[in-house]
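# Reading the structure
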Amino acid sequence: MSNITTYLAELKMEELPQEVEKELAAGKDPKEILAECQEGMVIVGEKFANEEYYVSDLIMSGVLFKEVAALLEPHLKQGDVEYKGKVVLGTVENDVHDIGKDIVGNMLKASGFEVVDLGVDVPPQKFVDALKESDAKVLALSCLLASCYDSILATVNAVKDSGLRDQVKIVIGGGPVDETIVDYSGADAYGVNAQDAVDLCEGAIK
Amino acid sequence: MSKYDDNYQLLIDAINFKNKRPLTSFSGPAVGAILSGMTIAELVADPVKGTYKTIDFIHEIDDECGGINLVNSIPTGLNMVVQISMLWYSKVLIPGIDIGENTVWQVQEKKLIDSDQYDEIIKEGFGNFAKKNIIPNIIDIDYMNKYLKIFAESQETIFNKYKDMGYPITQDFRCPTTMIPFEWLSGMRSMSELLLDCYTQLDKVKEVCDAIFEEKYAETEAGLEKVKTNRDVVGAWTGGWRTASAMVSPKIWDTLVWPYMKKSAEQVIHAGKISVLHLDQNWNRDIERFGELEEGKYILNTDGMTDLRAARKKLPKTCFMGDVPATLLTAGTPEQVYDYVTRLIDDIGPEGLIVTAGCDIPESATRENIVAMFKAANEWS
Ligand code: B12
């Protein structure tokens, strides 16, 4: 396993950026560094699934991944990074929980998706606008409040009204979301964790 | 004996694992008023009216479900926006003013302080620091003072009303407690920034947590002195949300959560009160640690994510209060709710069990589901 992968998997806050700088200076291909980081994120996900890591560790892996991406950016040429696909992500209207959404966003990025993150308390129309603007084929909604099921419904309906529904897969998740809410809202599928989010988005773009 | 005295005795029995039947407790600061036709904006604007609506609501439900023994988190005339701002040190948008009439208060968790201000907190004291740097940024002082005055004027009558109706209050605001500093710092720093500090400068975070806790502990001590001899002030809560076992790594939990949570609970217990540990999210990993507290003096109030069946094996004599999930109370059917409660009692037994909603009954719950939750406990055999 490369140093970069190990440092990310072990959440080495100081060593990882140093190693990235060192390897960049030595002329290593930034795409390779990115790939090694993505490998590290997969290990973090596995450790979480095995209860070796907890939510705080997932958040920290996201912070580290972002930091490395910022270091690599000036070295990457346009078109260097090939994205698997685009996902519009956000927490639905009237809900401000973002810890889970951020983890989902980071895991999606780490597995090669371009993510348009709209933040929290996102009104339905804003999701539609972002879908149009980005041409994304997946919409991922996070919802932690039972009182916000109607926000999921309203978002799905807004996508329908915009005429985009048959081009966009809508996946949902967050604490209280399950199959009943998929039926209630007319979304396509739900997931219980960030790995599910990645699998669902991969399925959606196939 | 009055209904109040009966219920009081049942509570003491349940905490000491001597009850034969499960108890029931109503917990929900907003749902009673909302289901009685108030909007969230009206409830926030007139918390006293909202409280009396809730009291009437509990009374009606009590008749329908075969009896409610206790109340836990209930409105007491305090404006929810003021309460939540102070609880989390975050700005809260006001329904009817900043956001829609029926939109639930929104907590705007964002970075209000930088990590280099930890030293300021240590030097100036947390109270002074918050007064200067936090409170003016999260709430309109006139708005806050207006509602604190209303609360001060109405609370005694309201507490007496709950008593007249026969309900001991397990989580009583008259009884102060010391919060876990991590929860406050999360509100002020935002959780991801605070975690970053935990991974990069844990010693500093610990130092600031110690300083905050010490100061608050002393204030609590003085407050407890005032209510020590008041038998009706039964218990006080210490809450954990972002500090749940599933949320933070063992190192953070062992350093920044449990030492404070334990001391906070012990402080309440030492004053002769019951410590209600309000545990949202999943506490499975560390649940055994609560066994370090004095048996028969505390209640674990979980929200459906902690596995009570596993917890019962590890804490055979601890009183549990929970844990019907908010989602089930909103989106489930009365049959599903009834079933959930029946299975819970079947599996962990009625002794040391108080049936209530996970966290609180959400304002989106249906009346039928609330009745079904209590009915299931009362009809269990
Ligand atoms: C932390 C927290 C807060 C923090 C939020 C901080 C933040 N920046 O997000 C604060 C303190 C601000 C907060 C506020 C409130 N909260 Co809150 N909060 C929680 C708590 C303790 C943890 C949530 C969390 O972060 N979990 C960890 C993350 C990683 O899990 P997650 O979000 O579920 O995400 C994972 C999966 O679900 C999935 N996932 C998430 N999104 C998506 C999307 C897709 C597409 C997919 C596939 C998967 C996926 O992947 C993630 C990673 O594994 C829960 C307790 C609980 N039992 O969940 C309550 C909880 C969610 N809150 C609740 C409530 C009621 C509130 C308040 C209304 C409180 C109040 N009385 O005012 C306010 C809400 C204000 C608002 N308008 O939103 C209730 C909701 C009840 C309900 N179901 O309706 C809960 C369940 C507490 C309870 N037991 O009652 N809260």
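Residues numbered from 1 in each chain as written. Chains lettered and ligands numbered in written order. Predicted model: local features only at pLDDT ≥ 70, side-chain atom pairs only at ≥ 80, totals over all residues. Heavy atoms only, no water.

## Thoughts on the pairing of strand β2 (residues 113–117) of chain A
Residue and element names in this part refer to chain A. Selection criterion: A pair of strands is considered paired only if DSSP assigns at least 2 bridges between the two. By the criteria applied, helices consist of DSSP H or I runs no shorter than four residues and strands consist of E runs no shorter than two, each listed in order from the N terminus. Here the term right-handed applies to a crossover when the path leading from its first strand over the helix to its second strand runs clockwise, the strands being oriented away from the viewer.
In terms of strand pairing, strand β1 (residues 85–91) meets β2 through five bridges, oriented parallel. Looking at the pairing, L89 lines up with D117 of β2. Crossover handedness for the path β1 to helix α5 (residues 99–110) to β2: right-handed.

## Some thoughts on the domain arrangement of chain A
Residue and element names in this part refer to chain A. As a reminder of what qualifies: All domain edges in this entry derive from an automatic or database-based domain assignment. A contact between two residues is defined here by any heavy atoms of the two lying within 4.5 Å. Buried area, as used here, totals the accessible surface that two parts lose on assembly, with accessibility defined by a 1.4 Å probe and the loss added over both. Salt bridge criterion: a side-chain nitrogen from Lys or Arg within 4 Å of a carboxyl oxygen from Asp or Glu. Here a polar contact is taken to be a pair of N or O atoms separated by no more than 3.5 Å, where protein atoms must pair a possible hydrogen donor with a possible acceptor and residues adjacent in sequence count only if both atoms sit in side chains.
Assigned domains of chain A: these are domain 1 (3–75) and domain 2 (85–205). For domain 1 versus domain 2, the separation of C-alpha centres amounts to 26 Å. Listed as interface residues are 10 residues of domain 1 and, on the opposing side, seven residues of domain 2. When the two sides are added together, the surface that domain 1 and domain 2 hide from each other amounts to roughly 730 Å², 77% of it contributed by carbon and sulfur. In this assembly, domain 1 and domain 2 are joined by zero salt bridges. On the surface where domain 1 and domain 2 come into contact, there are one residue pair in polar contact (both at pLDDT 80 or more). Every element with two or more residues in the side of domain 1 that touches domain 2 is listed here: α3 (30–49) and α4 (55–72). Counting residues per element, the side of domain 1 that touches domain 2 draws most heavily on α4, which supplies six residues.

## Notes on the site of the ligand
Stated formally: Summary of the distance rule: residues count as near a molecule or strand when at least one heavy atom falls within 4 Å of that molecule or strand. In this count, Pro and Cys sit with the nonpolar residues alongside Ala, Val, Leu, Ile, Met, Phe, Trp and Tyr, while Asp, Glu, Lys and Arg are called charged and the others, Gly among them, polar.
Near the ligand lie 45 residues; those nearest to it are H97 and A146 of chain A together with W105, E109 and D303 of chain B. Looking at the residues close to the ligand, they fall on chains A and B. In this structure, L144 of chain A approaches the ligand through a main-chain N or O atom, which is 3.4 Å from a nitrogen atom. Backbone polar atom of G174 of chain A to an oxygen atom of the ligand: 3.4 Å apart, as the coordinates give it. For the shell around the ligand, the secondary-structure elements that each account for two or more residues are α5, β3 (138–142), β4 (169–173) and α9 (194–205) of chain A together with α5 (80–88), β4 (106–108) and α14 (326–331) of chain B. The dominant element in the shell around the ligand, judged by the number of residues it contributes, is α5 of chain A, at four residues. Partitioning the shell around the ligand into residue classes produces 27 nonpolar, 12 polar and six charged.

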